[in-house]
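# Overview (structure and organization)
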Amino acid sequence: LTILQKPKDVRRFVILAKACLTCNVYETLDKIKCPVLLVQATGDLILNAQMKDQMNSAFPDATTYNVIGGGHQCIENRAKEISFVTNCFLNKNV
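Before going into details, it helps to say that this report is about the structure given with it.

What counts, and where the lines are drawn
- Residues numbered from 1 in each chain as written.
- Predicted model: local features only at pLDDT ≥ 70, side-chain atom pairs only at ≥ 80, totals over all residues.
- Heavy atoms only, no water.
- Helix = DSSP H or I, 4+ residues; strand = E, 2+ residues; numbered from the N terminus.
- Expected span 1.5 Å × (residues − 1).
- Buried < 20%, exposed > 50% of the residue type's maximum accessible area, 1.4 Å probe, protein only.
- Polar contact = N/O pair within 3.5 Å; in protein donor to acceptor, adjacent residues only side chain to side chain.
- Patch = residues over 30% accessible without salt bridge, like charges linked within 9 Å, V, L, I, M, F, W, Y side chains within 5 Å.
- Areas by Shrake-Rupley, 256 points an atom, 1.4 Å probe, with all protein chains shown as cover.
- Salt bridge = Lys/Arg side-chain N within 4 Å of Asp/Glu carboxyl O.
- Pairing = 2+ DSSP bridges.
- Right-handed = clockwise from strand over helix to strand, strands pointing away.

### Topic: helix H1 (residues 10-22)
Compared with an ideal rise of 1.5 Å per residue, which puts 13 residues at 18 Å, H1 spans 19 Å between its outermost C-alpha atoms and is within 8% of the ideal. The element H1 is barely covered by neighbouring structure, given that only zero of its 13 residues are classed as buried. Where H1 begins, the capping side chain belongs to Asp-9, and its oxygen is found 3.2 Å from the backbone nitrogen of Arg-11.

What follows is the structure, encoded as structure tokens:
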């Protein structure tokens, strides 16, 4: 979803948006013990700097990759780049 797009299914979008407002996963992140790859887009208008800092703090040993100029759905238009980074991470950590 970008500024210029409307959601395909508005009803589903509203349900997901409401779920995002009430879901708090931060208190359970310490249960994750496996290697973590954080893919963060520098142009993400949904996840702000505070949210990214929370994730970085929760996983201080994580591998972090910044998608320069990428937006919230950068997997759609930067798929090759993100796939390459993910494959490298998996090859190193699995």
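So that's the structure; there's more coming.
### A few points about a nonpolar patch on the surface
Residues Val-10, Phe-13 and Val-14 make up a contiguous nonpolar surface patch of about 250 Å² in total accessible area. Examined against the element boundaries, Val-14 turns out to sit in helix H1. With a relative accessible area of 37%, Val-14 lands in the partly exposed category.

### Comments concerning the pairing of strand S1 (residues 37-41)
In the sheet, S1 pairs with strand S2 (residues 63-67) via five bridges, with the strands oriented parallel. The residue bridging Val-39 from the neighbouring strand is Tyr-65, located in S2. In this region the chain leaves S1, passes through helix H2 (residues 49-58) and returns to the parallel neighbour S2; the handedness of that crossover is right-handed.

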